[in-house]
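# Observations on chain architecture
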Amino acid sequence: MRPYLANIRINLKLTMRDRMVLFFNFAFPLVFFFIFGQIFGRGDASGITQVISMVLILGVLGTGLFGAGLRAVQEREQNILRRFKVAPISAAPLLVASLVTGWVTYLPSALLFILLGHFQYGMPIPAQPFSLFAILSLGVIAFRAVGLVIASVVNSMQESQVLVQLLYLPMLFLSGATFPLGLLPNWLQIAAQFLPATYLNTGITAILVRNESLAENAWPATALALTTAVSMFISTKLFRWEKEEKISASAKLWLLAVFAPFAVLGVWQAQSKETINKSKALTRDIQRIRTTFIRNARVFDDSGSARAASLLIRNGKIEEIYATEPAKSVYEKAAVIEGAGKTVLPALADHLVELTDPAAPAGPWKRDDVRRALAAYLFSGITSVAVLEDGDKFAAEARQGERLLPEITVTGATAGFVRVTSAEELAKRVADARVIDISGVREAIPAAVLRDVSKSGVALLPALVSVEASEQAVKGAPELLERGLIQQVMARPRLEALRRLVQSRKLKPAVEQANLGVASVNLRLASAEGVRLVMGTGSGRPLVPHGPAIHRELQLWTAAGVPAPVALRAATGGLVLRKGGAATLLVVDGNPLADISATERVSAVFLKGERVPRSTLFEEYDEDAK
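For the structure given in this document, a descriptive report is provided here.

What counts and what doesn't
- Residues numbered from 1 in each chain as written.
- Predicted model: local features only at pLDDT ≥ 70, side-chain atom pairs only at ≥ 80, totals over all residues.
- Heavy atoms only, no water.
- Helix = DSSP H or I, 4+ residues; strand = E, 2+ residues; numbered from the N terminus.
- Buried < 20%, exposed > 50% of the residue type's maximum accessible area, 1.4 Å probe, protein only.
- Contact = heavy atoms within 4.5 Å.
- Pairing = 2+ DSSP bridges.
- Axes fitted to C-alpha atoms, helices over the stretch in contact; angles between N-to-C directions.
- Phe/Tyr/Trp six-rings, centres within 6.5 Å; stacked < 30°, edge-to-face > 60°.
- Lys NZ or Arg CZ within 6 Å of the ring centre and 35° of its normal.
- Salt bridge = Lys/Arg side-chain N within 4 Å of Asp/Glu carboxyl O.

## Let's talk about the overall build of the protein
- Across its full length, the protein holds 25 helices and 15 strands.
- Viewed in the frame of its principal axes, the protein has a C-alpha envelope of about 105 × 55 × 40 Å.
- Classification of the 626 residues of the protein by burial places 56% in the buried group.
- Summarising the internal contacts of the protein: among those between residues at least 6 apart in sequence, 75% fall at separations of at least 24.

Right, here's the structure in full:
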């Protein structure tokens, strides 16, 4: 034990005098920290979290590959190691001392960056400090060990520099430390799964953003530990005391053994894509803690009116609603949306969605086509949908953040959803239902039946847009497809194909003998009787494209005589904007209380604080289609 402690003590003293160590452990990451902190982290928890993750990874890679690898080669070439050879010790104490020295010198810099991030830029103190300490320790020791293997298999400083750069640069740029992994092409995302830095970065980010524990990152932690063990074994066997001792070029293949644990992980991840999906979800979580300020807008409140106000969004919630514009210091570091002439309201919800192709409801639909259709809801300001069936997989993807999709609940007969085609059937089904779709009712519903429905608490869902679409399908006049928002969300080939299908009158209507006039009267009568009303569109039915139909439903409700505030409350699921509530909201141009069609003029959509990137929302699916 004494040789180990003695070498650790000597190594620490020498390290503190080494300018290269000070540069790669402190100065180099510190420069990056302040440059990117000023650009991305000023008052923004998401930005500074990304910066902290980046500089922590930079420090680990630097102290491992440069601090251990290059320094060991340098000491051999300067005949420093030759002096140790005369002492009665093996290579093991020197190698262990290198690991411990790197660990001891790195941790203060990591602590410095976290404290600077908190006090200078407002990043929250990590909720799992011990897990963060553990994953960083494993990372430093593993990469120090890899650096020692590099030193063992090269014959000169020039060789070591080339080999270090060949490993350093890919791990820096493909691990997610500098660019979010989700922004890379699919093949690069898969290639990144073979790099140890990818798992280290994912673990650090998960602990910082999601407050995960080390146990929840067991796979990367285990791989790092295995890499350390394998690297130390190889370094000990190939250790050389003098520069005159040369090693064959084939010895460099020992590096493959070092990365064997990550080769296994990479093959597994290429199939399961667990880490890829987790990286996407973490990127989404980071986006959701950004700070946004919506200034001088109308805010639709729980009284059913719109009042002048400004909103501050931070960490996925509405941090404050200001009746008058606050001091500039409140929002100077936030992304600002000018709200003049705009209205902010809770994001919309569609309570009746069928995950089928509106051009061929009975035919098969590819999963990516379903995902694109679900993304169309977000584009249109709808962040919550209730689907009749087959939505569990997509609900899980949305819940875990793997993809940017609306929140999905699965309803159906088991959840008390019923569809009726007559007033008589409605009266019979009240007792065993929670929500009843009355779009197929072709006669006026008697007031007595509506009063019974009102007393029961059962909600009626008129789906007027499904009725209107059915009328147009019978006439062969696809007027719904001419609406601007529908043309924005539907891929051009599918839009044209659906238009031709309707014009040829080959599309079977969802509602037989549809009568929009009767359906509108039933809605008005139900509203007058105090029946609980739920807004849904039946999107996915013939000629009812996914996404924008809720806006047309709103217009049909107000045309039927339902007041705009009542219709909007139904369209937002009864949610209200309040301090501390989730920042899931819709910003539109104009005032929907005065002109309900203003809801179609979508300016911005927020889901749990994340601004939906409407301009690029469909790129992934449209590129795959090509």
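## Structural notes on the sheet that holds strand β8 (residues 407–410)
- Overall, parallel pairing links the 3 strands, which are arranged β6-β7-β8 in an open sheet. The strands lining the two open edges of the sheet, one partner per strand, are β6 (348–353) and β8. Neighbour to neighbour, the strand axes of the sheet diverge by 15 degrees on average, direction disregarded.
- Judged from the 4 bridges that link them, strand β7 (residues 382–387) and β8 form a sheet pairing that is parallel. For serine 384, the partnering residue across the bridge sits in β8 and is glutamate 407.

## Remarks on the side chain of aspartate 285
- Mapped onto the fold, aspartate 285 is located in helix α13 (residues 274–288).
- Residue aspartate 285 is classed as buried on the basis of its relative accessible area of 18%.
- Dropping the residues within four chain positions of it, aspartate 285 is found in contact with Val209 and Arg210.

## What about the packing of aromatic side chains?
- Throughout the structure, instances matching the rule amount to 7 aromatic pairs.
- Centre to centre, the rings of phenylalanine 293 and tyrosine 331 are 4.3 Å apart; their planes meet at 0 degrees, and the pair counts as stacked. Placement of phenylalanine 293 in strand β1 (residues 292–300) and of tyrosine 331 in helix α14 (residues 328–331) is noted, with a sequence separation of 38 residues between them.
- Of the residues examined, phenylalanine 293 reaches a relative accessible area of 0% and is grouped as buried.
- Classification of tyrosine 331 by relative accessible area gives buried; the value is 7%.
- Members of the aromatic cluster, each reached through a chain of ring pairs, are Phe293, Tyr322 and Tyr331.
- Lying across the ring of phenylalanine 379, arginine 614 places its NZ or CZ 4.0 Å from the centre.

## Remarks on the pairing of strand β2 (residues 306–314)
- Of the pairings in the sheet, the one linking β1 to β2 comprises 7 bridges and is antiparallel in character. Bridge pairing in β2 places phenylalanine 300 opposite alanine 306.
- Joining the antiparallel neighbours β1 and β2 is a turn of 5 residues, in which glycine 304 adopts a positive phi near 90 degrees.
- Bridge count between β2 and strand β3 (residues 317–322): 5 bridges; the pairing is antiparallel. In the sheet register, serine 310 faces β3, and the bridge partner there is tyrosine 322.
- Counting the residues in the hairpin turn of β2 and β3 gives 2 residues, including asparagine 315, whose phi is positive at 55 degrees.

## Topic: the pattern of salt bridges
- Summed over all chains, the structure comprises 29 salt bridges.
- Note that arginine 429 and aspartate 432 form a salt bridge whose closest N and O atoms lie 3.4 Å from each other.
- Judged by relative accessible area, arginine 429 falls into the partly exposed class, the value being 27%.
- Overall, the relative accessible area of 47% leaves aspartate 432 in the partly exposed class.
- For glutamate 482, the salt bridge is made with arginine 499, and the minimal N-O distance between the two is 3.1 Å. Within this pair, whereas glutamate 482 is found in the loop between α19 (464–475) and α20 (484–489), its partner arginine 499 is found in helix α21 (residues 492–503), the two being separated by 17 residues in sequence.
- Taking relative accessible area as the criterion, arginine 499 reaches 12% and is therefore assigned buried.
- Through salt bridges with shared partners, one network takes in Asp368, Arg371, Lys393, Glu397 and Arg403.

All quantities given are derived from atomic positions and should not be read as evidence of function.
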